[in-house]
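# Observations on the model geometry
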2 protein chains.
Amino acid sequence: MQILLTVAELRQWSRAHRSAGRSIGLVPTMGALHAGHASLIRAAAASCSQVVVSIFVNPTQFGPNEDYARYPRTFDADCALAESEGSAAIFAPSVEDLYPAGATTFVDVEGLSNRLDGASRPGHFRGVATVVSKLFIAAEPDRAFFGQKDAAQVAVLRRMTTDLLLPVEIVVCPIVRDADGLALSSRNIYLSPAERARALVLSQAVHKVESLAATGERRASVLLEAAHQLFAAVPEVRIDYIALVDWATLLPVEAAIPGTLFAAAAYVGATRLIDNAVLDSDALREPSRRLEIRTLEERDREGYIRKPQNADESRLGEAEVSIPLRNLPSSLHS
Amino acid sequence: MQILLTVAELRQWSRAHRSAGRSIGLVPTMGALHAGHASLIRAAAASCSQVVVSIFVNPTQFGPNEDYARYPRTFDADCALAESEGSAAIFAPSVEDLYPAGATTFVDVEGLSNRLDGASRPGHFRGVATVVSKLFIAAEPDRAFFGQKDAAQVAVLRRMTTDLLLPVEIVVCPIVRDADGLALSSRNIYLSPAERARALVLSQAVHKVESLAATGERRASVLLEAAHQLFAAVPEVRIDYIALVDWATLLPVEAAIPGTLFAAAAYVGATRLIDNAVLDSDALREPSRRLEIRTLEERDREGYIRKPQNADESRLGEAEVSIPLRNLPSSLHS
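Residues numbered from 1 in each chain as written. Chains lettered and ligands numbered in written order. Predicted model: local features only at pLDDT ≥ 70, side-chain atom pairs only at ≥ 80, totals over all residues.

### Comments concerning the pairing of strand β9 (residues 261-268) of chain B
Residue and element names in this part refer to chain B. By the criterion of burial, β9 is predominantly enclosed, with seven of the eight residues buried. Where strand β8 (residues 237-245) and β9 come together, eight bridges link them in antiparallel fashion. Paired with L244 across the two strands is F262, which belongs to β9. Here eight bridges tie β9 to strand β10 (residues 271-278), and the two strands are oriented antiparallel to one another. Directly across from A265, in β10, lies its bridge partner I274. Where β9 hands over to β10, the hairpin turn is made up of two residues, of which G269 adopts a positive phi near 65°. (Buried ≥ 20, exposed ≤ 12 C-beta atoms within 10 Å, placed from the backbone. Helix = DSSP H or I, 4+ residues; strand = E, 2+ residues; numbered from the N terminus. Pairing = 2+ DSSP bridges.)

Rendered as structure tokens:
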């Protein structure tokens, strides 16, 4: 396995393989690799002839009071894991390689970058979009692999890649969990045993919402309340957000459809953890099932048919409202 | 000559030539081509085996009260000129090609984008950096050609290209002028005959400052005052800025050195025009010439050794101060 230390080395490596007709897979990471990263590298190796894993703790995506300095750095173990999973190269640049002296250029995905994790971590997604655009430009991969665990990041990067015309296919791989259900994260090592026990409320909430959706429950109010009830039993865990959103826009929806994102973020002690599910139950494909039994007035009273709160929500709000209405008896149409 | 209408067509064209070992030159334009653009296309054809001229009036670089709708559009004449100067292809995308539905991503070169033209045209350089980064990503050129007339744009795009790791060499070509000295611009067609006569004050100011620098005059105060005097004789022309700046940072300098940018922008009627010179007189290479004859106190009284006004200026201010001090008799050092 090759260790590439500069942008020039990475570009030379990538272009040599491309000109020989080989496809390139990129797995961007901040190191501290775990089984979640391993699954990304395996997926990349399965669909690309050459895989490069980038290891770069990106300073611009950390807030001033976040854990940039103490973020775990385990380079030798990372290299061993990457190689064992089929990586052909590691790209391990310095900060000065990715941010040349005097750099002031940022890639900003407006709107999206201020939602979910972006709302509580100002500047975070600007840093992520900036560094990933640089990695795409430098590595020129055919495909890049990201974990669904960072679901809001995926939405930001899909939008960025489309908008900047970057010729890279974004591949999203499933969340990998420990046996107790906790989603794998490099930050899990910060948790004390007591905190780790409390942290399970995140995956329990995700599981609960998935189970409800599997029964055909589509109402955001019901799905979110179920999650909040689980968190209420663990008051030491401070909720950052619990949300049901359109995965492309990260804007709240009133009713789940296949592809809707349920996501949660919470502080367990000083450690901020996230988890999510992309709801895809077949039950959600039958929008009439739970709705026809109630009148329009009953549903309105429940707040199910909610008017868009502002211009930002109006497009999505209208789309969501249209789905249940189509399935009501025609006499109820206004 | 090929007409490429979509990003996919452009990329396919570019990659076919690159894989055959041919170099690609890109000349980004907004159309309404004139002899200035012709010089860029000629320069590109001289150093690259394949030249593509992009023609795209970029909506995101126009302010709400600017001339996006009425900007001159002369596609057929542009194609004829590009072909006659050696262009192999025209890239003429739609707005939807460069800004996919729902696009919210912008490339922001912070700091630089708010100086000179960026100060009076908020958002202008954000639009320029965004569209040029997309053109670079889509066309994958070896070299891209820009006119020195848009000197602040050149500074923004050099910074953007370096920061985003784009593997493109920026080539800057000299200003092309009409016989009367007016720098060529697609916007010159807006000028009435009387306005056109008044507009000559821009090139006269540029010429005056160049002449003074050629005599060894380095003081910003003197160079800028000479330009202001010329503008004072034409009160109908409203100055936007007259500035002596470091070309890389666009921050004001107190003394010219080779490479310093003198730039002016002014409204002639409703039309905003710009002009500039990159000072490069040999006389500026002899920093002791005009300085040793005065004492430090005299120069301080003249405001020559100015303290940086704010953090943004401090780095440059220190650098500028250090140059004359090095050439003073050692007894004057503090």
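### Some points on the interface of chain B and chain A
In this complex, chain B contributes 25 residues to the contact, which on the side of chain A involves 25 residues. When contributions to the side of chain B that touches chain A are tallied by element, the ones reaching two or more residues are α1 (7-19), β5 (105-109), α6 (124-139) and α7 (151-163) of chain B. Looking at the side of chain B that touches chain A, the element that brings in the most residues is β5 of chain B, giving five residues. Residues that form the side of chain B that touches chain A fall into these classes: 14 nonpolar, five polar and six charged. (Contact = placed C-beta atoms within 7 Å. Nonpolar A, V, L, I, M, F, W, Y, C, P; charged D, E, K, R; others polar.)

### Re the sheet that holds β10 of chain B
Residue and element names in this part refer to chain B. With antiparallel pairing, three strands are arranged side by side in an open sheet as β8-β9-β10. This sheet does not close on itself; its edge strands, each paired only once, are β8 and β10. Across the sheet, the mean angle from the axis of one strand to that of its neighbour is 10°, orientation sign disregarded. Along the sheet face, helix α8 (residues 193-214) touches β8, β9 and β10 and points at about 20° away from the line of β10. Sheet strands touched by helix α9 (residues 220-232): β8 and β9. Its angle to β8, the strand with the most contacts, is close to 165°. (Axes fitted to C-alpha atoms, helices over the stretch in contact; angles between N-to-C directions.)

### What to know about the domain arrangement of chain A
Where interface size is quoted, it is often the accessible area lost as the parts come together. Residue and element names in this part refer to chain A. Assigned domains within chain A: domain 1 (2-173) and domain 2 (191-327). Each partner contributes residues to the interface: domain 1 has 10 residues there, and domain 2 has 12 residues. Among the secondary structure elements, those contributing two or more residues to the side of domain 1 that touches domain 2 are α5 (117-120) and α7 (151-163). With three residues, the single largest contributor to the side of domain 1 that touches domain 2 is α7. Across the side of domain 1 that touches domain 2, the residue classes break down as five nonpolar, two polar and three charged. (Domains from an automatic or database assignment.)

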